Amino acid sequence: MPMGGTSVKLPTIGWVKTYEGTTTTTTTKLTISRIADEWYIAFAYEVDCVESHSTHEVVGVDVGVKELATLSTGVVFANPKAYKKNIQKLKRLSKAHAQKAKGSSNRHKSKIKLARHHAKVSNIRKDSLHKLTNHLCKNHAVIVIEDLSVSGMMQNHKLAQSIADCGFYEFKRQLEYKCKKYGCTLIVADRWYPSSKICSSCGHKKESLSLSERVYVCDKCGHTLDRDLNAAINLSRRALA
Ligand SMILES: [Zn+2]
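The structure displayed is predicted, hence computed values, not measured ones. (Residues numbered from 1 in each chain as written. Predicted model: local features only at pLDDT ≥ 70, side-chain atom pairs only at ≥ 80, totals over all residues. Heavy atoms only, no water.)

Draft legend 1. How the structure looks around the environment of Val121. Position of Val121 among the secondary structure elements: in helix H2 (residues 105–139). Expressed as a C-alpha distance, the spacing of Val121 and Ile87, which sit 34 residues apart in the sequence, is 7.0 Å. Leave out the neighbours within four places in its chain, and Val121 touches Tyr83, Asn86, Ile87 and Leu90. (Helix = DSSP H or I, 4+ residues; strand = E, 2+ residues; numbered from the N terminus. Contact = heavy atoms within 4.5 Å.)

Draft legend 2. Fine view of the layout of surface pockets. When its volume is computed, the largest pocket comes out at roughly 2,200 Å³. Surrounding the largest pocket, 47 residues form its lining, Glu20, Tyr40, Ile41, Ala42 and Phe43 being those nearest its centre. Every element with two or more residues in the lining of the largest pocket is listed here: strand E1 (2–10), strand E2 (14–26), strand E3 (29–35), strand E4 (38–44), helix H1 (81–99), H2 and helix H4 (168–182). At 13 residues, the largest contribution of residues to the lining of the largest pocket is made by H2. Looking at the lining of the largest pocket residue by residue, the class counts come to 20 nonpolar, 11 polar and 16 charged. A domain split of the lining of the largest pocket shows at least three residues from each of domain 1 (1–47) and domain 2 (48–237). (1 Å grid on protein atoms, 1.4 Å probe; cavity = no way out; pocket = protein on both sides within 12 Å on 5 of 7 lines; lining within 4 Å. Points joined across faces, edges and corners; volume = space filled by probe spheres on them. Nonpolar A, V, L, I, M, F, W, Y, C, P; charged D, E, K, R; others polar. Domains from an automatic or database assignment.)

Draft legend 3. Quick peek at the packing of aromatic side chains. Going through the model one piece at a time under the given rule, you end up with two aromatic pairs. Between Phe168 and Phe171 the ring centres are 6.4 Å apart and the planes differ by 55 degrees, which places this aromatic pair in the tilted class. Remark: Phe171 and Phe168 occur in helix H4; sequence separation between them is three residues, near one turn of the helix. Residue Phe171 is classed as buried on the basis of its relative accessible area, which comes to 2%. Linked through ring pairs, Phe168, Tyr169 and Phe171 together constitute an aromatic cluster. A cation over a ring is seen here: Lys206 above Tyr216, with NZ or CZ 5.2 Å from the ring centre. Arg238 extends its terminal NZ or CZ atom over the ring of Tyr193, reaching a point 4.0 Å from the ring centre. (Phe/Tyr/Trp six-rings, centres within 6.5 Å; stacked < 30°, edge-to-face > 60°. Buried < 20%, exposed > 50% of the residue type's maximum accessible area, 1.4 Å probe, protein only. Lys NZ or Arg CZ within 6 Å of the ring centre and 35° of its normal.)

Draft legend 4. Structural view of the coordination of the zinc ion. Coordination of the zinc ion by the protein comes from Cys199 (SG), Cys202 (SG), Cys218 (SG) and Cys221 (SG), over a distance range of 2.3 to 2.4 Å. Classification of the site at the zinc ion rests on its four donor atoms, whose angles at the metal span 107 to 112 degrees, yielding the label tetrahedral. The sequence pattern describing where the donors of the zinc ion fall on their chain is C-x2-C-x15-C-x2-C. In this pair, Cys202 sits in the loop between strand E9 (185–189) and strand E10 (215–217) while Cys221 sits in the loop between E10 and strand E11 (224–226), placing the two residues 19 residues apart along the sequence. Judged by its relative accessible area of 40%, Cys202 falls in the partly exposed class. The partly exposed category is assigned to Cys221, whose relative accessible area is 40%. (Donors = N, O, S within 2.8 Å, 3.2 Å for Na, K, Ca; no water. Tetrahedral: all angles 85-135°; square planar, octahedral: opposite > 155°, others 65-115°.)

Draft legend 5. Inspection of a positive patch on the surface at higher detail. Among the surface-exposed residues, Lys85, Lys89, Arg92, Lys113 and Lys120 lie close enough to one another that they form a single positively charged patch. For the positive patch, the secondary structure elements donating two or more residues are H1 and H2. The dominant element in the positive patch, judged by the number of residues it contributes, is H1, at three residues. Relative to the helices and strands, Lys113 resides in helix H2. (Patch = residues over 30% accessible without salt bridge, like charges linked within 9 Å, V, L, I, M, F, W, Y side chains within 5 Å. Areas by Shrake-Rupley, 256 points an atom, 1.4 Å probe, with all protein chains shown as cover. Salt bridge = Lys/Arg side-chain N within 4 Å of Asp/Glu carboxyl O. Lys, Arg positive; Asp, Glu negative; His and termini not counted. Charge placed at Lys NZ, Arg CZ, Asp CG, Glu CD.)

Have a look at this one:
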């Protein structure tokens, strides 16, 4: 099916306009779905794949509270600004919805509004994770992440919130299939590995490190580094462990 610019030619329906611009290409695989009262189209097409597991073979990824992710290469992926704003709006809409009388047309309207906004927030999250996982799989041969799919981690409410927001399962899911596609290896460090507490310079381990300490300062050698970067570097070394 031909497509390009802001239109797609669908079988039996013909040309339809799209909200976002699309690549000029032809596709044989597309999926049309409806979420809330909006229609979505997903399609696959082929691109020339450039193999470039360049300078840094191994990369460690620290999924953070402050940032979406910090890589051992020094690259930082920030949380999308739109995300926080939209989460707040989501809370507001859901509260407003709960207050509408059951069976009323106002309740029906607010339900659609809420569902539409849910879809929007989930799209922002997925999009930022796709950018991150694309970068990782296109630039590195070995990717090391922490296992955050643990209920024990959830004892810390602040951290739990951040992990839930970043969508660890979605992050891992994307990494798994993209690693297959690009031929990378994914290593999931075991959950007890104290990546934040170890000094990436001398290997000394701190007894404790609170979440509010944003900079790692080693008690032994004095090495000072951004907390998340220190953790990411430690993770990258797990590839050799
Ligand atoms: Zn040290």
